2 protein chains.
Amino acid sequence: MKRNAKAVVSRKRILDAAACIFRDFGYAGTTMRAIAKEANLEAGSIYYYFGTKDDLISAILDSAMLELIESVRQSVEALPSSASNRDRIQVAITAHLTTIIKIGDYTLATRRVVGQVPDTIRIRNKVLREQYASLWQNILNHGRESHEFRTNANLAMARLYILGALNWTVEWYKPKGQPLDDIARDLASIVLDGLVGSQHPESVNAPVS
Amino acid sequence: MKRNAKAVVSRKRILDAAACIFRDFGYAGTTMRAIAKEANLEAGSIYYYFGTKDDLISAILDSAMLELIESVRQSVEALPSSASNRDRIQVAITAHLTTIIKIGDYTLATRRVVGQVPDTIRIRNKVLREQYASLWQNILNHGRESHEFRTNANLAMARLYILGALNWTVEWYKPKGQPLDDIARDLASIVLDGLVGSQHPESVNAPVS
DNA sequence: GTCTATAGGGAGATAGAC
DNA sequence: GTCTATCTCCCTATAGAC
């Protein structure tokens, strides 16, 4: 059924609509009728593409995570081997931010429903989440081994801290505000140098408007 | 009706149970029957204390925010006037963490449903959220004015960044793990000094276990 | 592929007994 | 204060027409 172009388009339209509705109404609050209305068809038609409501949310959770993993991995691997760990963190932060904003409906839907879906769905998605966590942990550990970071920083906590802060951006980011690259640079600056630390020449930033 | 001790106790028991259920099932996924079961009474009885399901979630959102505001405000005001801004941030972080963990069910319920409740409820709660944001902004701005922080740090973003990171802790904190004070100190260390910055003598921390 | 109609279950809220 | 019984509404998922 996926060979048909019409079917592929409809499937994607339904998935996008579902992300939008799950984002606003949560797992239980989302109805097939609401998704159908957003996607401009009738509720019964959704079942041609997705067997159950759970299949829909599962596809949303997994695709968001896969996109994030690929984006950050590729951005970091694309760096020259001469790149500093400061560069690696900066690039990873930018890739993470850019992606979660780009697929904002999926990111927000994930944030808001991942704690409410049936266990089977959450456990399957957890594998991907752990993959992503270890991708970041490798980046941070690399920085310690190369002695670019202070050796007593708690890097497992630093990872939780950084990702928690980055993921929160989808809640307040406004497309009309500061450009995304500026935000990424400012966040990287605070992560790397802190509020007190001396200013690194590469991360000078403009005052907030 | 609140004069009766029995009523006060039941009311609190229902509220605690509701926070627990809202946390696990979201706004729409929470049923009055599930709350009643958790609170050891029947669904109809809840309506003696709360007119509607919306009254329940509204009480949870507001009480969580009020407790957080009071806790951080009191902790910071209790500092001697000689306290450094490093101390103020450290104390605020500790108060925030301690409170959101202490009322963990309410915090998690808030995190997970605040994007799904009817607009009227969210807007009323927003006033409190903004109060809390400006409390933190004052703490940060004070640090800049006293020249303890580097002057080009983007403090509005720093606030969003810090609170995003701190709030994420409720998702991964385990009571049996590292003591809360250690976590608060490590987070404060990363916020203030960054990953690269030189180590401040007051924030030496143990390696993660 | 997409529709309409509907079966079967469960929700919030109310009424009145105790 | 708390219970049971129930009204009314809306949900997921299916069946079969087109």
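These numbers were taken from a predicted model, which means no experiment stands behind them. (Residues numbered from 1 in each chain as written. Chains lettered and ligands numbered in written order. Predicted model: local features only at pLDDT ≥ 70, side-chain atom pairs only at ≥ 80, totals over all residues. Heavy atoms only, no water.)

**With respect to the domain arrangement of chain A**
Quoted interface sizes are often the accessible area lost when the parts come together.
Residues and elements named next belong to chain A.
Right, on to step 1. For chain A, the domain assignment lists domain 1 (1-51) and domain 2 (54-203).
Right, on to step 2. Spacing between the C-alpha centres of domain 1 and domain 2 amounts to 28 Å.
Right, on to step 3. Both faces considered, domain 1 and domain 2 share a buried interface measuring about 1300 Å² in area, 70% of it formed by carbon and sulfur atoms.
Right, on to step 4. Of all residues in domain 1, the largest losses of buried area upon contact with domain 2 belong to Phe22, Arg23 and Tyr27, amounting jointly to 51% of the total for that side.
Right, on to step 5. Remark: the boundary between domain 1 and domain 2 carries 1 salt bridge.
Right, on to step 6. Taking the shortest distance from any N to any O, the salt bridge between Asp105 and Arg23 comes out at 2.7 Å.
Right, on to step 7. Counting across the domain 1 and domain 2 interface gives 5 residue pairs in polar contact (both at pLDDT 80 or more).
Right, on to step 8. Only α1 (5-29) and α2 (32-38) provide two or more residues apiece to the side of domain 1 that touches domain 2.
Right, on to step 9. Among the elements that make up the side of domain 1 that touches domain 2, the one with the highest residue count is α1 (11 residues).
Right, on to step 10. By residue class, the composition of the side of domain 1 that touches domain 2 is 11 nonpolar, 2 polar and 3 charged. (Domains from an automatic or database assignment. Buried area = accessible area lost by both parts, 1.4 Å probe. Salt bridge = Lys/Arg side-chain N within 4 Å of Asp/Glu carboxyl O. Polar contact = N/O pair within 3.5 Å; in protein donor to acceptor, adjacent residues only side chain to side chain. Helix = DSSP H or I, 4+ residues; strand = E, 2+ residues; numbered from the N terminus. Nonpolar A, V, L, I, M, F, W, Y, C, P; charged D, E, K, R; others polar.)

**Considerations on the protein's contact with DNA strand C**
Right, on to step 1. Residues in contact with DNA strand C amount to 18 residues; listed here are only the nearest, Glu42, Ser45 and Tyr49 of chain A together with Thr30 and Met32 of chain B.
Right, on to step 2. A breakdown of the atoms of DNA strand C within 4 Å of the protein gives sugar and phosphate a share of 70%.
Right, on to step 3. Between DNA strand C and Arg33 of chain B there is a distance of 3.1 Å, counted from a base nitrogen to a side-chain nitrogen or oxygen.
Right, on to step 4. Residue Tyr47 of chain B places a side-chain N or O atom 3.0 Å away from a phosphate oxygen belonging to DNA strand C.
Right, on to step 5. Secondary-structure elements contributing two or more residues to the surface near DNA strand C are α1 and α3 (43-46) of chain A together with α2 (32-38) of chain B.
Right, on to step 6. Sort the elements by how many residues they give to the surface near DNA strand C and α1 of chain A lands first, with 3 residues.
Right, on to step 7. Looking at the surface near DNA strand C residue by residue, the classes come out as 7 nonpolar, 7 polar and 4 charged. (Near = heavy atom within 4 Å.)

**Here we look at the pattern of salt bridges**
Right, on to step 1. Going through the model one piece at a time under the given rule, you end up with 23 salt bridges over all chains.
Right, on to step 2. Between Lys126 of chain B and Glu130 of chain B there is a salt bridge, and its shortest N-O distance comes to 3.8 Å. Residue Lys126 of chain B and its partner Glu130 of chain B are located together in helix α7 (residues 119-145), separated by 4 residues, close to a single helical turn.
Right, on to step 3. Looking at Lys126 of chain B, the relative accessible area reads 44%, which means it is partly exposed.
Right, on to step 4. According to the relative accessible area criterion, Glu130 of chain B is partly exposed, its value standing at 47%.
Right, on to step 5. One connected set of salt bridges, linked through shared partners, spans Arg23, Asp24 and Asp105 of chain A. (Buried < 20%, exposed > 50% of the residue type's maximum accessible area, 1.4 Å probe, protein only.)

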